[in-house]
Amino acid sequence: MSIQVFIPQDTTALALGAEKVASSLLQGAQTLGLDVEITRNGSRGMFWLEPLMEVETESGRIGFGPVKLSDVESILSMLNSGSVGTASIKHPLYLGEVSEIEYLAKQQRLTFKRSGVADPTCIESYQRLDGFSGLAKALSMSGQDVVDELKNSGLRGRGGAAFPAGIKWQTVLDTPGEQKYIVCNADEGDSGTFADRLLMESDPYQLIEGMTIAGLAVGANQGYIYLRSEYPVAHKLLNLTIERATKAGFLGANVCNSGKDFFLEVRLGAGAYICGEETSLLESLEGKRGMVRAKPPLPAIEGLFGKPTVVNNVLTLGAVASILEQGSDTYKNFGMGRSRGTLAVQLAGNVKRGGLIELAFGVTLREVVDDFGNGTFSGRPIRAIQMGGPLGAFLPESQWDTPLDYEAFAAIKAMIGHGGIVVFDDTVDMAAQARFAMEFCVIESCGKCTPCRIGSTRGVEVIDRIVANEDRDNNLILLHDLCDTMELGSLCAMGGMTPFPVRSALTYFEEDFGISSRRDH
Amino acid sequence: MLKKNSNVDQLIEQFKTLPGGLLPLLHAVKHAMGYVPDSAVEPISKALNLSRAEVHGVISFYHDFNTHPVGRHTVQICRAEACQSMGSRDLEAHAKQCLGIDYGETTPDGLVTLEPVYCLGNCACSPSIRVNDDIHARVDSSRFDELIAEFTLLSAEVSGVSS
C-alpha cells in the first residue's frame, strides 16, 4: 500500500515553497522506488508551520513542519526506513499527531472543522466529512423555518458590521420580487485578515453550500461571489469547485432534485478596498465605479440591480452550513452576551505563531496573543495591537484584557471587525501609523462624501504638522475636530472609522507625536 | 494595433450581454493585452450603451486597470499594516532603490513594473509580495534580490537563445 502524504495548496503554503517541496518529494520517492501518494490538501491555518507535511499512519496523521526544500531528503529517508507509525520518529521537524498539536487542539472549530483535512476540490471528501448535510436539512424545511433557525442561532455578520444575519434574511424573504440575489462579500481587504481566503481555499464547498441554503431560504436563484483580485489561488479553486458542484447536482437547475434553481458565479474585484463596503460592492458588481450608496434603501430591499439581495461575508455563509447541519442550539451555546458562536481570529503581523484560531467569543485579546502567538517574531516586546483592520483602534497593553465580544470592543472605542489581530513590537512609530491610517483613506476613499475624501487629505497634513511641532496645540485641536467631522459626517465606515486608529494612537501613544517632550519643557 | 483592436472586439462580443459585465470585460482586456488601452474605451462604450465618460470613470476608479503597458513581470509589494509590522517600509525602500524606479514605473529594460498593493491575505507570514500570480512570504531584502535575480537570469537566457 502506498504511503499517503498531504501537502497544502493554499496561498500561504505555496508562498513558502509548498509546490517545490511536493514535486521534489514525488521525484525523490520515484528515485527510491518508494510508493508515495501526495494529496494537496488545504491548510489547517497553522501558518507558522507551513509548509506542513502530513503522513497517514495507523495511529493517525502525523506532521512535519515547516518543511523546506532542503528537508525533503531526510523526510524521504525516514519514510523509506519504514519507521513511520512507530513511536521512534526522531526527525527534527516531527510534530506528532497533527490533531493533537496544542495550537489546533485548543480551538473550537465549527466553521473551520474541515480545513486542511482533505483535498478541498474533492466533492466526495466533502460529503464524507458531513458536507452538504446542512443543505439536505434545509431542503426538507420551509424557507421561513430555515430563516428561523438562523435567527435562533444568534449568528451576526462576520464581515465586521455584526448585523444579525437572520433579520437580514427575513427582510429579503418578506420582500416580494420575482428576482432576488445572494451576494457573498469575499473582498477581504483588511490587513491582518485571511479567514475568508482560508475557507475558500481549504473548504470552498462549505461556502457554496451556505450560499445555496441562503438562495433556497429567501427565494433567490442567482448568487455571486465578489472575490478580490488579490486572491488568485482562491479564484482558481472556487471556479473549479463551482463547476464540480454543478455537475454533481448541488448547484444549477433543479438543485438536488428539489425543483428549485440556484446558479453561482464568481466575479473579480479590481483592487479597490472600498468595494468591501456592501453598497459599493453592489455598484461594482453592476459594472460601475464602486461608489457607496446612501442607505436606505437597504440592500435587502433594493440591492443588486435594484432587487432584494442578501449580502453576507464568506464566514457568515460558511457558518450557515454548519448551523443547519448541527442545529442552531449547538451554535448559540458558544459565545458570550449577544456575540454567539465562534469567531475566526486571525493572528498576524509581528508574531511567532500566526494563523487562524477559531474560538468561542469571550476569550480576551491577551489570552489569544499569549496562548497562541508565543511572542513577537522579532523577539522584542509587544507595544501595540491593531484589531479589526485599517479602521480598527491601536490598543496598548492596558486594553488587552478586553474580551472578544462586539459590545465589549465597542465600549472601548475599538472593534472586532473581521477578527484580524496585527501585532507590533516596540520599534513601531505610532505617529507614522496614524498618518498611514489617513493616507490609506486618501487612497481608498470612493470620493462620494466630503469628510472622507477631503478630510483624510487634511488629516495627513495636520498629523505632519503635529509631528514637526508646528503650532502643535492648535493642530491637535484641529485634528480632533477633523476626526469628529469624519466620524459624524461620513457616509460609510471608511471615513467614519478612519479616526479610530488615529485617535487611539494619539490617546495611548502620545509620546510618538512628540507630545510628552513638549510637556517636559 | 489592428490585431489588438480586433481582440477587444471579440471580447466585447463575449461579455456585452452579461449582467454587470463591464468589470469582467475590462479584466479580460487587461488579461489579453496587459493593460486597458484608451482605444478600447469607445468600442466598449458603444457596445454597452454607456458614455465614454462612464467607461473611463470605471477604468480610472480601480487600481487594477492600468492604461499603459507594463513590464514583463509585475511585482507588487504589500503596504498594509501586518507587513509594516514586519519591516515592509524598509522592503519598499530597498525595492525602489534596487530597481531604480518608483511605484507605477517600469524598469528601462521593460522587465519589471513595481506596484503597491494593500494586503495579499498572507498576513501571518509577512512581509508579502506578489510576482505576477505567485505570492511570496517572509520577503526580506535578500529574498527580494533573489527573486529579481531569477527574472534577470531568465530574461538573459531567453535573449541568449533568440540572438
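Here the structure is a predicted model, which means the values were calculated and not measured.

Conventions adopted
Residues numbered from 1 in each chain as written. Chains lettered and ligands numbered in written order. Predicted model: local features only at pLDDT ≥ 70, side-chain atom pairs only at ≥ 80, totals over all residues. Contact = placed C-beta atoms within 7 Å. Helix = DSSP H or I, 4+ residues; strand = E, 2+ residues; numbered from the N terminus. Nonpolar A, V, L, I, M, F, W, Y, C, P; charged D, E, K, R; others polar. pLDDT = per-residue confidence, 0-100. Core = buried A, V, L, I, M, F, W, Y, C linked by C-beta atoms within 7 Å. Buried ≥ 20, exposed ≤ 12 C-beta atoms within 10 Å, placed from the backbone. Domains from an automatic or database assignment. Pairing = 2+ DSSP bridges.

J.: Account for the interface of chain B and chain A, with residues named and values stated.
T.: Each partner contributes residues to the interface: chain B has 34 residues there, and chain A has 45 residues. Secondary structure elements with two or more residues in the side of chain B that touches chain A: α2 (22-33), α4 (52-61), α5 (81-84) and β4 (134-136) of chain B. It is α2(B) that provides the largest number of residues to the side of chain B that touches chain A, a total of four residues. When the residues that make up the side of chain B that touches chain A are grouped by side-chain class, the tally is 20 nonpolar, eleven polar and three charged.

J.: An account of unusual backbone geometry is needed here, citing residue identities and associated values.
T.: Residues and elements named next belong to chain A. Going from Lys295 to Pro296, the amide bond is cis rather than trans, its omega being -5 degrees. Topologically, Pro296 is positioned in the loop between α12 (278-285) and β9 (309-313). Put simply, Pro296 and Pro297 share a cis peptide bond, and its omega is 5 degrees. Relative to the elements of secondary structure, Pro297 occurs in the loop between α12 and β9. Not every positive phi belongs to a glycine, and Phe305 is a case in point at roughly 50 degrees. Looking at the secondary structure, you find Phe305 in the loop between α12 and β9. Not every positive phi belongs to a glycine, and Lys413 is a case in point at roughly 60 degrees. Structurally, the position occupied by Lys413 is in the loop between α16 (406-411) and β16 (420-425).

J.: If you had to explain the confidence of the model for chain B to someone new, which residues and values would you point to?
T.: Interpretation of this model should avoid reading the predicted coordinates in detail wherever pLDDT is low. Averaged over chain B, the pLDDT score is 92; the fraction of residues at 70 or greater is 93%. For this predicted complex, the interface confidence comes out at an ipTM of 0.95, alongside a pTM of 0.96.

J.: Explain the nonpolar core to me, using residue names and the numbers behind them.
T.: Residues and elements named next belong to chain A. Core analysis: the largest hydrophobic core is formed by 206 residues, its most contacted members being Val183, Ile213, Ala214, Val310, Ile385 and Ile421. Examining the composition of this core, we find that nine residues originate from one element, helix α10 (residues 204-218), more than from any other. The residues touching Ala214, leaving out its near neighbours within four places in the chain, are Trp169, Ile182, Val310, Leu317 and Val320.

J.: Go over the domain arrangement of chain A with me, naming the residues and quoting the values.
T.: Examined at the domain level, chain A breaks down into domain 1 (3-105), domain 2 (123-332), domain 3 (335-425) and domain 4 (430-520). Put simply, the middle of domain 1 of chain A and the middle of domain 4 of chain A, counted by C-alpha atoms, are 48 Å apart.

J.: Which residues make up the pairing of strand β3 (residues 53-57) of chain A, and what are the values?
T.: Residue and element names in this part refer to chain A. Bridge count between strand β1 (residues 3-6) and β3: two bridges; the pairing is antiparallel. Across the sheet, Val5 pairs through a bridge with Val55, a residue of β3. With five bridges joining them, β3 and strand β4 (residues 60-64) adopt antiparallel strand pairing. The residue of β4 that forms the bridge with Glu54 is Gly63.

J.: Hey, could you go over the domain arrangement of chain B for me, with residue numbers and the actual values?
T.: Domain assignment breaks chain B into domain 1 (2-61) and domain 2 (73-162). Computed from C-alpha coordinates alone, the two centres of domain 1 of chain B and domain 2 of chain B are separated by 29 Å.

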